[in-house]
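The primary structure of each chain is shown beneath.
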Amino acid sequence: QVQLVESGGGLVQAGASLRLSCAVSGGTLSRTHMGWFRQAPGSERESVARIAWFDGSTYYTMSVKGRFTISRSVAKSTVYLQMNSLKPEDTAIYYCAADLRGDGTYEYWGQGTQVTVSS
C-alpha cells in the first residue's frame, strides 16, 4: 500500500517560513499527481498546491501564489511545500495526498501536520 509520511509542521510567527516534506513509498509515481491540502477549524478543506510527478508542472491556489512553492525530489520520492511569508490565516492542518492515476481523485492521504502561525 502507498504510504505518505509528512514532516515539517510547527508553530511560527507571522512572516516566518516553514518547509513541509512528504515522503512517498509503495507506489509507482510515473503518472502521479501529488497535492498539498489544508483545513482550518470551521473551514472546508482546500487544495493548496499540486504537482505532476512526470514533468514537475504545478498549480497553486491564489491565496498562496507567490509565497508557497511546491517541488519534488525524484531521487528521494519526496514532495515539498516551501511556505514563506506565513500569515495567521495560513494556520491549518496540512495534508499530503497522492493521485496515482493522475485522474483527479486523490486516493491516498497522509496523517496531517499542524501549521500554526501566530500574530
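In case you missed it, the structure is sitting above this.
Residues numbered from 1 in each chain as written. Predicted model: local features only at pLDDT ≥ 70, side-chain atom pairs only at ≥ 80, totals over all residues. Heavy atoms only, no water.

Novice: Give a description of the nonpolar core that names residues and reports values.
Specialist: The biggest cluster of nonpolar side chains holds 29 residues, and the ones touching the most others in it are Met 34, Trp 36, Leu 81, Met 83 and Tyr 94. For this core, the secondary-structure elements that each account for two or more residues are β3 (18–25), β4 (33–39), β5 (46–52), β7 (68–73), β8 (78–83), β9 (92–99) and β11 (113–118). Residues in contact with Met 83, not counting those within four places in the same chain, are Ala 16, Ser 17, Leu 18, Leu 20, Arg 67, Phe 68, Tyr 94 and Val 115. (Core = buried A, V, L, I, M, F, W, Y, C linked by side-chain atoms within 4.5 Å. Buried < 20%, exposed > 50% of the residue type's maximum accessible area, 1.4 Å probe, protein only. Helix = DSSP H or I, 4+ residues; strand = E, 2+ residues; numbered from the N terminus. Contact = heavy atoms within 4.5 Å.)

Novice: Outline the sheet that holds strand β1 (residues 3–7), listing residues and values.
Specialist: What the four strands build is an open sheet, ordered β1-β3-β8-β7; its pairing is antiparallel. A single partner strand is all that each edge strand has here, and the edge strands are β1 and β7. In this sheet, neighbouring strand axes are inclined to one another by 15° on average, regardless of whether the strands run parallel or antiparallel. Both β1 and β3 contribute to a ladder of five bridges, which runs antiparallel. Paired with Leu 4 across the strands is Val 24, a residue of β3. (Pairing = 2+ DSSP bridges. Axes fitted to C-alpha atoms, helices over the stretch in contact; angles between N-to-C directions.)

Novice: Go over the side chain of Ser 21, please, and point to the residues and values.
Specialist: Structurally, Ser 21 can be placed in strand β3. Sequence-distant contacts of Ser 21, defined by excluding residues within four places in its chain, comprise Val 5, Glu 6, Ser 7, Trp 36, Thr 78, Val 79 and Tyr 80.

Novice: Which residues make up the environment of Leu 100, and what values go with them?
Specialist: Checked against the element boundaries, Leu 100 lands in the loop between β9 and β10 (108–109). It is 7.4 Å that separates the C-alpha atoms of Leu 100 and Thr 28, two residues lying 72 residues apart in sequence. If near-sequence neighbours (up to four positions away) are discounted, Leu 100 is found in contact with Val 2, Gly 27, Thr 28, Arg 31, Thr 32, Glu 107 and Tyr 108.

Novice: Outline the state of the cysteines, listing residues and values.
Specialist: Tallied over the entire structure, the rule returns one disulfide. What pairs with Cys 22 in a disulfide is Cys 96, and their sulfur atoms sit 2.1 Å apart. Negative torsions about the S-S bond denote left-handed disulfides, and the value of about -80° found for Cys 22 with Cys 96 makes this one left-handed. Residue Cys 22 is found in strand β3, and its partner Cys 96 is found in strand β9; the two are separated by 74 residues along the sequence. Residue classification places Cys 96 among the buried positions, given a relative accessible area of 0%. (Disulfide = S-S within 2.5 Å.)

Taken by themselves, the reported measurements are silent on function.
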